[in-house]
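Summary of the model geometry
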Amino acid sequence: MGLCDTSMTSGTRRHGGCRNVRGGWSFVSPNCHDRPLEFAVFLLTPAERYLMKRVFLKTVAVALAALAVGNAFAADITGAGATFPFPMYAKWAEAYKKETGVGLNYQSIGSSGGIRQIRAKTVAFGATDAPLPGAELEKDGMVQFPAIIGGTVPVVNLDGFKPGELRVTGPVLAEMYLGKITKWNDAKLAALNPGKTLPDQNITIVHRADGSGTTFNWTDYLSSVSKEWADTVGKGAAVKWPAQSSVGGKGNEGVAANVTRVKGALGYVEYAYVKKNNMTFLQLQNADGKYVSPDDATFAAAAASADWFSVPGMGISMVNAKGANSWPVSTASFILMYKDPADKAQSAEVLKFFDWAFKNGKQMAVELDYVPLPDSLTAEIRSKVWTQIKK
């Protein structure tokens with residue numbers, strides 16, 4: 001616009017200072033821009049002014065639509081819940097944002113908090129290591145599916161011992177958590193670790209202070225190996241811890257920090273936190289009587305025989321699973337979503353994220369010693385679970 005040209009060319013019709021050039025209007029004044037450009041509008045015919053108005057309105061409409069699409073694309077996915085899978089979700093989210101431009105705003109607040117948030121409809125998905133039973137899913141109008149598999153690990157703060165150097169059985173571990181075994185050199189621990197000089201040191205139990213799916217699976221395991229624990233404490237996301245010498249920590253991060261800080265401490269955390277903090281773990285005796293160390297191979301062995309669709313919501317327990325190589329406290333972390341979400345666009349973005357993660361995030365999971373879901377299982381999740389969510 002505003003071209004200054006005093007010559008007449010083919011296909012150009014001059015109106016004083018305004019010329020109509022094929023392909024658009026160019027406004028000029030007779031004295032080359034020494035008069036206001038808007039003066040030229042009055043030189044247009046009514047038909048030309050109508051055409052110009054329509055072009056302008058269409059241009060504005062397209063620009064606004066493009067802006068709306070851009071804003072929707074840039075909106076972060078919202079989720080909240082379990083601390084157990086947080087290292088994995090953070091790694092996936094970083095890679096996903098680089099590839100798609102869509103971020104994940106995930107609050108690592110514990111499984112109970114995630115359930116509360118999704119029920120309050122303040123996030124697009126909740127995450128829990130303590131799966132909701134089928135009746136609650138039906139009542140809430142939600143679906144549930146596993147996203148990743150990992151393991152919960154007993155960790156200690158004892159000087160002079162390497163990770164995996166000391167062993168413990170399930171029943172003895174339960175007695176430690178019951179507060180019946182209070183010293184590290186107790187005869188039962190010494191019998192399991194011949195040739196090791198155990199310290200005459202008090203055991204301080206470190207547990208979760210918040211509602212936790214990790215606690216649910218840990219207490220599920222203790223209930224499976226100790227009738228006394230099952231009868232007096234039981235399993236749950238939050239329990240009354242019986243040991244007199246105990247301290248709570250918020251999240252896996254808090255438990256890891258307290259175990260690192262307190263000499264003689266015994267706690268439980270997800271394996272990624274063990275690796276991240278270079279913690280000393282105990283070998284555990286599994287259901288086949290074999291002592292095993294935690295890693296992606298022993299977690300995968302525990303998950304090998306899982307019958308995911310045997311219960312509503314796929315909420316199976318893998319604790320104390322059969323198999324010579326099975327880690328006895330293996331677990332899945334689950335995603336909760338509404339079947340008829342209020343924000344369907346945000347819900348669709350969640351599914352895109354997990355679809356991408358299932359296809360592209362396997363190696364990232366292995367690097368953190370989680371176990372990615374097999375392709376056969378993710379295919380069933382897409383066809384049997386995600387199809388229940390309204391688009």
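Calculation criteria
Residues numbered from 1 in each chain as written. Predicted model: local features only at pLDDT ≥ 70, side-chain atom pairs only at ≥ 80, totals over all residues. Heavy atoms only, no water. Helix = DSSP H or I, 4+ residues; strand = E, 2+ residues; numbered from the N terminus. Buried < 20%, exposed > 50% of the residue type's maximum accessible area, 1.4 Å probe, protein only. Polar contact = N/O pair within 3.5 Å; in protein donor to acceptor, adjacent residues only side chain to side chain. Contact = heavy atoms within 4.5 Å. Axes fitted to C-alpha atoms, helices over the stretch in contact; angles between N-to-C directions. Parallel < 35°, antiparallel > 145°, perpendicular 65-115°, else oblique. Nonpolar A, V, L, I, M, F, W, Y, C, P; charged D, E, K, R; others polar. Core = buried A, V, L, I, M, F, W, Y, C linked by side-chain atoms within 4.5 Å. Salt bridge = Lys/Arg side-chain N within 4 Å of Asp/Glu carboxyl O. Pairing = 2+ DSSP bridges. Left-handed = near helix turned anticlockwise from the far one by under 90°.

Observations regarding unusual backbone geometry
In this structure, Asn320 is a non-glycine residue whose phi angle is positive, near 55°. Considering the arrangement of structural elements, one finds Asn320 in the loop between helix H11 (296-303) and strand E15 (330-338). For Asn320, a relative accessible area of 23% puts it in the partly exposed group. The backbone of Asp369 sits at a positive phi, close to 65°, despite the residue not being glycine. In this fold, Asp369 is placed in the loop between helix H13 (362-367) and helix H14 (375-385).

With respect to the side chain of Ser326
As for its placement among the helices and strands, Ser326 is situated in the loop between H11 and E15. By relative accessible area, which is 1% here, Ser326 ends up buried. Here Lys322 takes part through its backbone oxygen, which lies 2.9 Å from a polar atom of the side chain of Ser326. Other than its neighbours up to four places away in sequence, Ser326 contacts Asn286, Val292, Thr298, Ala301, Ala302 and Ala321.

Quick word on the packing of helix H2 (residues 86-100) against helix H12 (residues 344-360)
Interaxial distance between H2 and H12 falls to 10 Å at its minimum, and their mutual angle equals 105°. Taken as axis vectors, H2 and H12 run roughly perpendicular relative to one another. Contacts between H2 and H12 involve Tyr89, Trp92, Ala93, Ala95, Tyr96 and Glu99 on the former and, on the latter, Glu349, Lys352, Phe353, Phe354, Trp356 and Ala357. Within the contact of H2 with H12, the residues separate by chemical class into nine nonpolar, no polar and three charged.

Some points on the nonpolar core
In this structure, Trp92, Leu173, Met176, Tyr177, Leu266 and Phe354 are the most contacted members of the largest nonpolar core, which totals 94 residues. Top element by residues in this core is strand E7 (residues 142-156). It accounts for eight residues. Phe354 has contacts with Tyr89, Trp92, Phe125, Ala147, Ile335 and Trp386, leaving out every residue within four places of it along the chain. In terms of nonpolar packing, the next biggest core, distinct from the first, is built from nine residues, Ile118, Leu132, Leu336 and Tyr338 among them.

Comments concerning the pattern of salt bridges
Working definition: two side chains of opposite charge can pair if their charged atoms are close together. Inspection of every chain in the model, using the stated rule, returns 20 salt bridges. The partner of Lys339 in a salt bridge is Glu138, with the nearest N and O atoms 4.0 Å apart. Highlighted residues: Lys339 in the loop between E15 and H12 and Glu138 in helix H4 (residues 134-140), separated in sequence by 201 residues. For Glu138, a relative accessible area of 59% puts it in the exposed group. The shortest N-O distance in the salt bridge between Lys183 and Asp200 comes to 3.4 Å. On the criterion of sequence distance, the pair formed by Lys183 in the loop between helix H5 (170-178) and helix H6 (187-192) and Asp200 in the loop between H6 and strand E9 (204-208) is long-range, its members being 17 residues apart. Among the residues examined, Lys183 registers a relative accessible area of 31% and is labelled partly exposed. Salt bridges linked by common partners bring Arg119, Glu136 and Asp140 together as one network.

Considerations on the sheet that holds strand E13 (residues 283-285)
Pairing in this open sheet of three strands is mixed, and the strands run E8-E13-E14 from one edge to the other. Since the sheet does not close on itself, it has two edges, and those belong to strand E8 (167-168) and strand E14 (291-292), each with one partner. Pairing of E13 with E14, which is carried by two bridges, proceeds in the antiparallel orientation. Bridge assignment links Leu284 to a residue of E14, and that residue is Val292.

Some thoughts on the packing of H5 against helix H7 (residues 213-225)
In helix packing, the relevant descriptors are the interaxial angle and the interaxial distance, both defined with respect to the helix axes. Across the interface, H5 lies against H7 with an axial gap of 9 Å and an inter-helix angle of 115°. Crossing hand, H5 versus H7: left-handed. For the pair formed by H5 and H7, the contact residues are Gly170, Pro171, Leu173, Ala174 and Tyr177 on the first element and Trp218, Tyr221, Leu222 and Val225 on the second. Along the lines of polarity and charge, the residues of the contact of H5 with H7 split into eight nonpolar, one polar and no charged.

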